[in-house]
Protein chains: 2
Amino acid sequence: MKLLLAGFGTVGSGVAKALDSKKDAIKSKLGGNLSVVGICTSKGTIIDEKGIDLPLAYSLAQEKKLYTHRNFDPNTSSEKAVKTLEYDCLVETTPTNIDHGEPGATLVRTALRRQKHVVTSNKGPLALNFRELTGLAEKNNVLLKYEATVGGAMPVFNLLEGCMHVNKIEKIYGILNGTTNYILSKMSMESTSYELALAEAQEMGIAEKDPSYDVEGTDAASKLSILSNFVFGNGVTVRDVQKTGITKISGGTIELAKKNGYIIKLVAYADAERMLVTPRLVPLHHPLAIDGTLNVIEFHTDMAGKIRVIGEGAGHMQTASAVLGDILDIAKSTK
Amino acid sequence: MKLLLAGFGTVGSGVAKALDSKKDAIKSKLGGNLSVVGICTSKGTIIDEKGIDLPLAYSLAQEKKLYTHRNFDPNTSSEKAVKTLEYDCLVETTPTNIDHGEPGATLVRTALRRQKHVVTSNKGPLALNFRELTGLAEKNNVLLKYEATVGGAMPVFNLLEGCMHVNKIEKIYGILNGTTNYILSKMSMESTSYELALAEAQEMGIAEKDPSYDVEGTDAASKLSILSNFVFGNGVTVRDVQKTGITKISGGTIELAKKNGYIIKLVAYADAERMLVTPRLVPLHHPLAIDGTLNVIEFHTDMAGKIRVIGEGAGHMQTASAVLGDILDIAKSTK
């Protein structure tokens, strides 16, 4: 199977690295090779129909010298590459934009219309256009997979699919954002203020310089809308999520909660009717009371009771692992 | 697809109930019906090639009057039914015997040799003969599925399979037995003795009259050996597990642990080399520190980090849900 990688930041280059380090295992599982025939960046595209040398591309990317690759073409944009190159599966890992979903949405749409499979780690396109894009995949008889968009390396959609064979899923609770969970854990455990906890998270690279996407609940909301679409098929978007961030939570509130046996968590909730992302009191021993940057998702089912999965919600190797899992699923089901 | 149910206790009759209550959903998913052509009990077999009326069989079973069914044949034993009837998939839910695995092992073996698919909730046959039985399934080109044997309704093998596409699993930790977890939680939270906590668990139906299978760690060990085979392919049996039960844990030990921020849990551990079931100190906020009858399984992977799944490890509807999931998987993959 021929792959086109659009985006070669931490996730995209992590996928390349994983494809290389796992090549023997992949070959023995698939009975064939996966080759990368194009790597698109915002400055141009490396093109090699015979398959790009991944360790070389990876090390050039680390040195920010991808443009020096002998097959680098500054005149082939991502859009042009996705529209014109010959490949079987687009691996779309461009940065998330939650207002308009671009450039990912156009890339995904273009590939699906060309009857190419798509794997994406980008929340924007799906949080805004889930029904359109999954419909487009179905109409064109190709697969669109997005395991990495929710819960990093946690196999959330895989797990849900298995459960949904038999069970009706009634509601979902989750802690879907590691940055806010880190800040709230820190405030609770060390009795520090929001400002101090945020500053430390920023120093550690857990929070962005502009933290608003995380701390206002937008990241959690976009993941929740993707989950809700998958489980309830209700065509919602991130804009339908009622959200409140964590910026107004004071150290005093957290102390008071602690005294009463609670911890404050940014909890995402969805049922078939509504979606909420909001700080909530969670009992200290509740399975949602996880610490640090962990993520948790809890499904309430009609027969199997409550099922919870906990894992690392972020990290480029973890996300690359989820992307690679989707690629292998597609390779297996189409061979 | 035609099913033969061997065993019609809480799990087997729960499966029948679920097959009936979910029949419309099953039909729309499979585009066809699942019919039950035989129900074997220790006293005889109900046989109906046209499909047994499940609500009737279920209500007769509740009244312990299955033998009054007009198609009940006291001269057809489970062994004879599995050997002679026409069916596509055996659903084996007879009681677990961890010393010799019978009657389940013979039933499973017979069905596989006749090239029938098998779904089982019975730990005995697999904890003793995993490699032989999975090999037999492979040789006969049929499926052997056993999701219900570990973690009740938790989709453990489904999840592991997804992870193992990409990840190498390095080790497994788990709390695999709800009875001992309930007793230990009770001892810790209410500062009661082992004897009192056990007596209460027995009153509530969480522990058996003879609790040794649970409290000596045998149940957890049998599940661990199945997990270990699945993940590491090492052909181990329950007899290879080094196990210590919880009967010697005093209230004093638990109090001392608590004072130091720990809780005592019966932890199952496996890597490619060894398997242990033993009481361990777990930090109070650790994800393994779950309370009550919950089960948890934690996998350490090379790329995805640690993944944990928490759910109800027992309960007949939960177990029936896992069995039904396996049946639907087989029906889908063979249609």
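The paragraphs below set out a description of the structure included in this document. Small disclaimer: the values here were computed from a predicted structure and weren't measured. (Residues numbered from 1 in each chain as written. Chains lettered and ligands numbered in written order. Predicted model: local features only at pLDDT ≥ 70, side-chain atom pairs only at ≥ 80, totals over all residues. Heavy atoms only, no water.)

This brings us to the overall build of chain A. The secondary structure content of chain A amounts to 13 helices and 13 strands. Projected onto its principal axes, the C-alpha positions of chain A cover 65 × 45 × 35 Å. When each of the 335 residues of chain A is scored for burial, the buried share is 59%. In chain A, once contacts between residues fewer than 6 apart in sequence are set aside, the share between residues at least 24 apart is 70%. By element, 49% of the accessible surface of chain A is carried by carbon and sulfur atoms, the whole surface being about 13800 Å². Charged side chains in chain A number 38 positive and 37 negative. The centres of these two groups are separated by 2 Å. (Helix = DSSP H or I, 4+ residues; strand = E, 2+ residues; numbered from the N terminus. Buried < 20%, exposed > 50% of the residue type's maximum accessible area, 1.4 Å probe, protein only. Contact = heavy atoms within 4.5 Å. Areas by Shrake-Rupley, 256 points an atom, 1.4 Å probe, with all protein chains shown as cover. Lys, Arg positive; Asp, Glu negative; His and termini not counted. Charge placed at Lys NZ, Arg CZ, Asp CG, Glu CD.)

So, on to the interface of chain A and chain B. Contacts between chain A and chain B engage 38 residues on the former and 38 residues on the latter. Both faces considered, chain A and chain B share a buried interface measuring about 3100 Å² in area, 58% of it formed by carbon and sulfur atoms. For the chain A face of the interface with chain B, the top three residues by lost area are His165, Val166 and Met303 of chain A, together amounting to 22%. Counting every contact that joins chain A to chain B gives two salt bridges. Between Asp302 of chain B and Lys22 of chain A there is a salt bridge, with its nearest N and O atoms 2.7 Å apart. (Buried area = accessible area lost by both parts, 1.4 Å probe. Salt bridge = Lys/Arg side-chain N within 4 Å of Asp/Glu carboxyl O.)

Take the relation of the copies chain A and chain B next. Mapping chain A onto chain B leaves a residual RMSD of 0.0 Å; the transformation is a rotation of 180° accompanied by 0.0 Å of translation along its axis. The transformation relating the two chain copies, once decomposed into turn and shift, fits a two-fold axis. Rotation axis and chain A: the residue whose C-alpha lies nearest the axis is Val309 of chain A, separated from it by 2.2 Å. The share of interface residues of chain A whose copies in chain B are also at the interface is 100%, consistent with both copies meeting through the same surface. (Least-squares fit on C-alpha atoms with pLDDT ≥ 70 in both.)

A cis amide bond, omega 5°, links Glu102 of chain A with the succeeding residue Pro103 of chain A. Following the sequence through the fold, Pro103 of chain A ends up in the loop between strand 5 (89–92) and helix 5 (104–113).

Before going further, it helps to spend a moment on the sheet that holds strand 9 (residues 242–243) of chain B. What the 12 strands build is an open sheet, ordered 9(A)-11(A)-10(A)-8(A)-12(A)-13(A)-13(B)-12(B)-8(B)-10(B)-11(B)-9(B); its pairing is mixed. Each edge of the sheet is formed by a strand with only one pairing partner; in this case those strands are strand 9 (242–243) of chain A together with strand 9 of chain B. Direction of pairing for strand 8 (residues 169–175) of chain A relative to strand 10 (residues 262–270) of chain A: antiparallel, over a ladder of three bridges. Considered in strand 10 of chain A, the bridge of Gly174 of chain A is made with Ala268 of chain A. The strands touched by helix 12 (residues 251–259) of chain A within the sheet are strand 10 and strand 11 (275–283) of chain A, with strand 10 of chain A carrying the most contacts at an inclination of about 100°. Its contacts with the sheet place helix 8 (residues 178–190) of chain B against strand 8 (169–175), strand 10 (262–270) and strand 12 (294–301) of chain B, and it is angled at close to 160° to strand 10 of chain B. (Pairing = 2+ DSSP bridges. Axes fitted to C-alpha atoms, helices over the stretch in contact; angles between N-to-C directions.)

Now for the nonpolar core. Core analysis: the largest hydrophobic core is formed by 142 residues, its most contacted members being Ile297 of chain A together with Ile297 of chain B. Beyond its immediate stretch of four places on either side in the chain, Ile297 of chain A contacts Val150, Met154, Val156, Ile172, Tyr173, Gly174, Leu176, Leu227, Ile307, Arg308 and Val309 of chain A. (Core = buried A, V, L, I, M, F, W, Y, C linked by side-chain atoms within 4.5 Å.)

Val156, Phe157, Leu159, Leu160, Gly162 and Cys163 of chain A are the residues of helix 7 (residues 156–164) of chain A that are buried. At its buried positions, helix 7 of chain A is contacted by strand 8, helix 11 (218–232), strand 12 (294–301) and strand 13 (306–312) of chain A together with helix 7 (156–166) of chain B.

It is worth spelling out the pattern of salt bridges at this point. One pass over the structure, following the stated rule, counts 26 salt bridges over all chains. Ionic pairing is found between Glu86 of chain A and Arg114 of chain A, a salt bridge with its closest N-O pair at 3.3 Å. Placement of Glu86 of chain A in the loop between helix 4 (78–84) and strand 5 and of Arg114 of chain A in the loop between helix 5 and strand 6 (117–120) is noted, with a sequence separation of 28 residues between them. Overall, Arg114 of chain A belongs to the partly exposed group, its relative accessible area being 24%. For Glu86 of chain B, the salt bridge goes to Lys116 of chain B, with nearest N and O atoms at 3.4 Å. With Glu86 of chain B in the loop between helix 4 (78–84) and strand 5 (89–92) and Lys116 of chain B in the loop between helix 5 (104–113) and strand 6 (117–120), the pair connects residues that are 30 residues apart, well separated along the chain. Overlapping salt bridges bring together Glu86, Arg114 and Lys116 of chain A as one network.

The next thing to look at is the pairing of strand 2 (residues 35–41) of chain B. Residues and elements named next belong to chain B. Among the seven residues of strand 2, six are classified as buried, and the element is accordingly described as predominantly covered. The pairing of strand 1 (residues 2–6) with strand 2 spans five bridges and is classified as parallel. Within strand 2, the position partnered with Leu4 by the bridge is Gly38. When strand 2 meets strand 3 (residues 44–47), the two strands line up antiparallel, connected through four bridges. Directly across from Cys40, in strand 3, lies its bridge partner Thr45.

This part covers the side chain of Ser225 of chain B. All names here are of chain B. By the element assignment, Ser225 lies in helix 11 (residues 218–232). Residue Ser225 is classed as buried on the basis of its relative accessible area of 0%. A distance of 2.8 Å separates a polar side-chain atom of Ser225 from the backbone oxygen of Ser222. In this structure Ser225 touches Ala127, Val236, Thr237, Val238, Val241 and Met275, once residues within four positions along its chain are discounted. (Polar contact = N/O pair within 3.5 Å; in protein donor to acceptor, adjacent residues only side chain to side chain.)

This brings us to helix 9 (residues 194–203) of chain A. Residues and elements named next belong to chain A. Residues Tyr194, Ala197, Leu198 and Ala201 constitute the buried set of helix 9. Axial view of helix 9: buried residues confined to an arc of 100°, hence all on one face. Opposite the buried face of helix 9, at more than 90 degrees from it, the exposed residues are Glu195, Leu196 and Glu203. For helix 9, the secondary structure elements touched by its buried residues are helix 8 (178–190) and helix 10 (212–215). The first or second residue beyond helix 9 is Gly205, which carries a positive phi of 80°. (Arc of directions from axis to C-beta.)

So, about the packing of helix 5 of chain B against helix 6 (residues 123–139) of chain B. Residues and elements named next belong to chain B. Following both chains from N to C, one finds helix 5 and helix 6 inclined at 5°, their axes separated by 10 Å at the closest point. The pairing of helix 5 with helix 6 is recorded here as roughly parallel in orientation. Where helix 5 abuts helix 6, its residues Gly104, Ala105, Val108, Arg109, Leu112 and Arg113 lie against Pro125, Asn129, Glu132, Leu133, Leu136 and Ala137. The class makeup of the residues in the contact of helix 5 with helix 6 is seven nonpolar, two polar and three charged. (Parallel < 35°, antiparallel > 145°, perpendicular 65-115°, else oblique. Nonpolar A, V, L, I, M, F, W, Y, C, P; charged D, E, K, R; others polar.)

In this section: the pairing of strand 5 of chain A. Residues and elements named next belong to chain A. The two faces of strand 5 match: Cys89 and Val91 on one face and Leu90 and Glu92 on the other face are all buried. Of the pairings in the sheet, the one linking strand 5 to strand 6 comprises four bridges and is parallel in character. In the sheet register, Val91 faces strand 6, and the bridge partner there is Val119. Following the backbone out of strand 5, through helix 5 and into the adjacent parallel strand 6, one traces a crossover that is right-handed. (Right-handed = clockwise from strand over helix to strand, strands pointing away.)

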